[in-house]
Amino acid sequence: MAKIALGTSREFVQPDCIQPLVVEFICTFLFVFAGVESAMAAAKLYASPFVGLFFVGITHAFVVTVMVAAALRISGGNLNPAVTVGLALDGHITIFRLIFYWIDQLAASAAACFLLHYLTGGLETPPHVLGEGMNPLQG
């Protein structure tokens, strides 16, 4: 059974916490930017929903692979608040670091969506739902 470590609020000013947070922000930003952008592009395609879903899935697969490989040795390449919770519950990171990572990941996601909204001239970022004509089994 792993021990859940609380940590201290002073972790935030330590270099071994700041560097992973910067890397995690950059990688999460790029992951969300590429993933949401591919969904926005797929929504504009007049192809079958299967083609759009395929390209969105391939984009996410490539981006996750590259971002995790880039961040693995520095921050662990979490990219996802749920993965970060798992690491905290297993005792790999402290609860304070979990909170810092959450803030970092959510800020990076919001920044990526705001930048996409700006760059696309106000296009709405798509909700995460299945495409038209697709059922849950196909998704």
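Residues numbered from 1 in each chain as written. Predicted model: local features only at pLDDT ≥ 70, side-chain atom pairs only at ≥ 80, totals over all residues. Heavy atoms only, no water.

(A) Structural context of the overall build of the chain. Tallying secondary structure elements over the chain gives 4 helices and 0 strands in all. Going from the N terminus to the C terminus, the chain shows its helices and strands as α-α-α-α. Along the first, second and third principal axes, the C-alpha set of the chain runs to 50 × 35 × 20 Å. For the chain, the residues scored as buried account for 29% of the 139 residues in total. Partitioning the intrachain contacts of the chain with sequence separation of at least 6 by distance along the chain shows that 76% fall at a separation of at least 24. (Helix = DSSP H or I, 4+ residues; strand = E, 2+ residues; numbered from the N terminus. Buried < 20%, exposed > 50% of the residue type's maximum accessible area, 1.4 Å probe, protein only. Contact = heavy atoms within 4.5 Å.)

(B) Region of the structure containing the state of the cysteines. Evaluation of the coordinates by the stated rule reveals 0 disulfides. No disulfide involves Cys27; its sulfur sits 16 Å from that of Cys17, the nearest cysteine. When its relative accessible area of 5% is taken as the criterion, Cys27 is described as buried. (Disulfide = S-S within 2.5 Å.)

(C) Region of the structure containing the side chain of Ser75. Structurally, Ser75 is set in the loop between helix H2 (49-71) and helix H3 (81-89). When its relative accessible area of 8% is taken as the criterion, Ser75 is described as buried. Ser75 has contacts with Pro20, Val23, Glu24 and Tyr101, leaving out every residue within four places of it along the chain.

(D) Molecular detail of the nonpolar core. Ranked by internal contacts, the top residues of the largest apolar core, which has 15 residues, are Cys27, Phe31, Val32, Val36, Val63, Met67 and Leu79. Breaking this core down by element, the ones donating at least two residues are helix H1 (15-44), H2 and helix H4 (95-119). Ranked by residue count, the leading element in this core is H1, at 8 residues. If we ignore the near neighbours within four places in the chain, the residues touching Val32 are Glu37, Ser109, Ala112 and Cys113. (Core = buried A, V, L, I, M, F, W, Y, C linked by side-chain atoms within 4.5 Å.)

(E) Up close: the side chain of Gln105. Among the structural elements, Gln105 can be located in helix H4. Classification of Gln105 by relative accessible area gives buried; the value is 1%. Here the side chain of Gln105 touches Glu24 through a polar contact of 3.2 Å, side chain to side chain. Within polar-contact distance, the side chain of Gln105 engages the side chain of Thr84 at 3.0 Å. Ignoring sequence-local partners within four residues, the contact set of Gln105 consists of Glu24, Thr28, Asn78, Leu79, Asn80, Pro81 and Thr84. (Polar contact = N/O pair within 3.5 Å; in protein donor to acceptor, adjacent residues only side chain to side chain.)

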